[in-house]
Amino acid sequence: MIDEPIDLGALASFREALIEDDPADLYEHAPCGYVSLRPSGRVVKANRTFLSWTGYTATSLGALRIHDLLAPGDRIFYETHFAPSLALQGHVREVAVELRCADGRRLPVLLNAILVADDLGEPAAIRLAVFDARERRAYELELLAARREAEAAAERARALAATLQKTLLPPSPPSIPGMAVGGAYRPAGDGSEVGGDFYDVFEIPGAAWGIVIGDVCGKGASAAVVTALARYTLRAEAVRSPSPAAVLARLHDAMVRDHGDGFLTAVYLTATPIDDGVGIRMSAAGHHLPLLVDLDGGVRPVGRTGHLLGMLGPPRLHDDDVVVRPGETLVMTTDGVIEARRDGEFYGEARLHALLSANAGIGAPELADLVANDAIDFQRGAPRDDIAVVTLQAVG
Amino acid sequence: MVFAHGFGCDQNMWRHLEPRFADRFQTVLFDHLGAGGSDLDAYDPARHASLDGYAEDVLAIVRELDLHDVVFVGHSVSAMIGVLAAVAEPDRFSALVLIGPSPRYLDDDGYIGGFTEGDIEGLLESLDSNYLGWAQAMAPAIMANADRPQLGAELSESFCRTDPDVQKRFARATFLSDNRADLASVRCPTLVLQCSDDIIAPDVVGRFVADQIPDATLVQLRATGHCPNLSAPEETAAAMETFLRELQPSIGTS
């Protein structure tokens, strides 16, 4: 640290300048404008700084009220905000208004005001300090414009994400003889990004239905591209092979060929109405296994887990057969459900099993919504990850 | 006696007037949604896009507290909110006190309201200018203190501070309203308190209101500006006392 030497000569001349400061001159040529008003707003006095900024003479100002110096919008603000605040708390700070100058020019200023009371405590005068704020106001207006632009951009992003998301989900599960299918999707956060979760329900010529639920790694445009690829590849391959494992393997091939860097987890199944319920042939690729909920509230995972898709090397996948009896429901979710977190605590499988067990037998669409909503409520309404749920119930 | 504050402030603006009536009346103070300590979750942009929504809120309070023989004291825009409430459920209201009322702020085909649409746009800009940075910085502090009014000193800074978005919507609902046709339907005795040099509600508007309401008394106050309840509580209270005594001699003496 360096001690600054005290210049005794400079200090003396500084003190002299302070002593010679005439109070009247301090007032008249202060670096801010001073204006004194009656409580009614009538102008009584203003300093020279204010007169030179605004171009008024002391006489012309004396005939005016503060209202006459303000644009109409600011005038309303003065009466509805400034004056009540001043009356209630005795001061107002940093109010931005535009003054109307003598030649019609507008001068952006910041006002500080105090209310001066007489001996009886009644308001006697208002003192205004006026600060030239041209550059600050110009800067604030730019900020304001930027904020509005940012809000508009965020709104556009949300609308775009919602529109794109809609194209990646079936409008509503079709009605299928012998079974009821429900689907629910909830975007993460404020929905300003396209999520990676998807599901699809489609008819496979030959009296079967294809159902897929999946989770593409990542979010946004790149995830949307992989999601679209997955949906049309599955629909095309479903016609060519009755084996879900084979269909998922073809999807893997397509992903590695077209999108080297994306991967996904999925459950794909075919559902065929049979005499006593719905016959399911399914394959799970790195995804949570479907849960079968029976009429007594029993909940158990079905099938075997295979490799996720899109990684190097051919994935090992299995086909498993399951029968869903009338009244039973097959429930498939993405990890947005059981990995939902609150204060470091996970939603977890146990909570999901308990919810399904307690609601065994309710309709498939209702159950899908119930699961999605419960996971969102658990996160106090603000999901960190997107959530997809598909339910399939055999109808007797 | 129900006190309803106007645009730009909250129930604090009754602090000089309400105590003068609290000994003889059950007094009810409240904040409009978006102002003071109100619950923002209850704000409904569609319902509160017009003054009818605010009148419904007043009626909800009156019903919830099961009030009858209400003397409704409304300042500024709340004068018209009171008119709408009293027209909707006349049995609940025994008198209206309208302080600085205006049924139509815009000039309109021969009618003088005092403002043009450009002026109202100017007000919205003024609100924007004076809320810059406030939304993020101040809102949490006010939220945190809303249920602890004992923090008087700290809270004094937040007098009349309101949610900026709601404030702008309230400004539109207020200054673009037209309730001239509702005045003739008021059934109860009404006191119109007209300030001098009131740029928000000029003399000619106060006279119009008093002319249109069948049983209205117009009192011209010496107080200047738009908030006599703050700037001249004595004179305002005296005018109300006179009106209430003539209305029902027992009220002033019991």
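Keep in mind that this is a model prediction, so the values were computed, not measured.

Any chance you could explain the nonpolar core here in plain terms?
Grouped burial of nonpolar side chains is what soluble globular proteins tend to show. Of all hydrophobic cores here, the largest spans 92 residues; its most connected members are F72, I81, L96, V97 and L98 of chain B. Excluding its chain neighbours within four sequence positions, the residues that come into contact with L96 of chain B are F72, G82, V83, A86, V186, C188 and T190 of chain B. Counting 66 residues, the second-largest nonpolar core is a separate cluster that includes A184, A368, V389 and L392 of chain A.

Whenever I open this one, the interface of chain B and chain A confuses me. Can you help?
Frequently, the measure chosen for interface size is the accessible area removed from exposure when the parts meet. Residue-level contacts link 30 residues of chain B with 26 residues of chain A. Every element with two or more residues in the side of chain B that touches chain A is listed here: α3 (117–131) and α8 (228–231) of chain B. With 10 residues, the top contributor of residues to the side of chain B that touches chain A is α3 of chain B.

Hey, could you run me through the sheet that holds strand β3 (residues 91–100) of chain A in this one?
Residues and elements named next belong to chain A. Sheet architecture is open: 5 strands sit in the order β2-β1-β5-β4-β3, paired in antiparallel fashion. This sheet does not close on itself; its edge strands, each paired only once, are β2 (43–46) and β3. Averaged over neighbouring strand pairs, the angle between their axes works out to 30° when direction is ignored. As judged from the 8 bridges shared by β3 and strand β4 (residues 106–117), these two strands associate in the antiparallel manner. Note on β4: the bridge partner recorded for V97 is V109. In this fold helix α5 (residues 72–89) packs onto β3, β4 and β5 (123–132), with an angle of close to 160° to the strand it touches most, β3.

Help me out: how do you make sense of the environment of A117 of chain A in this one?
Residue and element names in this part refer to chain A. Residue placement: A117 occurs in strand β4. C-beta crowding within 10 Å serves as the criterion here: with 13 such atoms nearby, A117 is assigned to the partly exposed category. Sequence-wise, A117 and G90 are 27 residues apart; in three dimensions their C-alpha atoms are separated by 9.1 Å. Setting aside its immediate chain neighbours within four residues, A117 contacts E122, P123 and A124.

What am I meant to see in helix α7 (residues 220–240) of chain A here?
An α-helical turn contains 3.6 residues, so any two residues separated by three or four positions project in the same direction. Residues and elements named next belong to chain A. Relative to the 30 Å expected for 21 residues at 1.5 Å per residue, α7 spans 31 Å between its end C-alpha atoms, a close match to the ideal helical length. Residues A223, A224, V226, T227, A230, R231, L234, E237 and A238 constitute the buried set of α7. Looking at the packing, one finds that the buried side of α7 touches α6 (134–167), β7 (197–204), β8 (208–216), α8 (244–258) and β9 (264–274).

Help me understand unusual backbone geometry in this model?
For residues other than glycine, phi is negative in most cases, and the peptide bonds are mostly trans. All names here are of chain B. At D69, a residue that is not glycine, the phi angle is positive and equals roughly 50°. With respect to the element layout, D69 can be found in the loop between α1 (51–64) and β3 (70–75). Residue D69 is classed as partly exposed on the basis of its C-beta count, with 15 C-beta atoms lying within 10 Å.

Help me out: how do you make sense of the sheet that holds strand β11 (residues 291–293) of chain A in this one?
Backbone hydrogen bonds hold the strands of a sheet together, and the pairing may be parallel or antiparallel. All names here are of chain A. Taken in spatial order, the 5 strands make up an open sheet running β6-β18-β15-β11-β12, and their pairing is antiparallel. In this open sheet, the two strands that pair with only one neighbour each are β6 (179–186) and β12 (299–301). In this sheet, neighbouring strand axes are inclined to one another by 20° on average, regardless of whether the strands run parallel or antiparallel. Packing of helix α11 (residues 364–378) onto the sheet brings it into contact with β6, β15 (329–333) and β18 (387–394), and relative to β6 it is tilted by some 25°.

Please explain the packing of α1 of chain B against helix α2 (residues 77–88) of chain B as it appears in this structure.
Between two packed helices, what matters for the description is the angle formed by their axes and the separation of those axes. All names here are of chain B. Close contact between α1 and α2 brings their axes to 8 Å; oriented N to C, the two are set at 65°. In this structure, α1 crosses over α2, and the sense of that crossing is right-handed. Here L51, D52, Y54, A55, V58 and L59 of α1 come into contact with α2, specifically with M80, I81, G82, L84, A85 and A88. Residues of the contact of α1 with α2, tallied by class, amount to 10 nonpolar, 1 polar and 1 charged.

Is there a simple way to explain helix α7 (residues 203–212) of chain B in this structure?
Residue and element names in this part refer to chain B. Among all positions of α7, only V205, G206, F208 and V209 are buried. Buried positions in α7, seen along its axis, are confined to an arc of 155° and lie on one side of it. On its buried face, α7 sits against β4 (93–99), β5 (190–196) and β6 (216–224).

The rules behind each value
Residues numbered from 1 in each chain as written. Chains lettered and ligands numbered in written order. Predicted model: local features only at pLDDT ≥ 70, side-chain atom pairs only at ≥ 80, totals over all residues. Core = buried A, V, L, I, M, F, W, Y, C linked by C-beta atoms within 7 Å. Buried ≥ 20, exposed ≤ 12 C-beta atoms within 10 Å, placed from the backbone. Contact = placed C-beta atoms within 7 Å. Helix = DSSP H or I, 4+ residues; strand = E, 2+ residues; numbered from the N terminus. Pairing = 2+ DSSP bridges. Axes fitted to C-alpha atoms, helices over the stretch in contact; angles between N-to-C directions. Expected span 1.5 Å × (residues − 1). Left-handed = near helix turned anticlockwise from the far one by under 90°. Nonpolar A, V, L, I, M, F, W, Y, C, P; charged D, E, K, R; others polar. Arc of directions from axis to C-beta.

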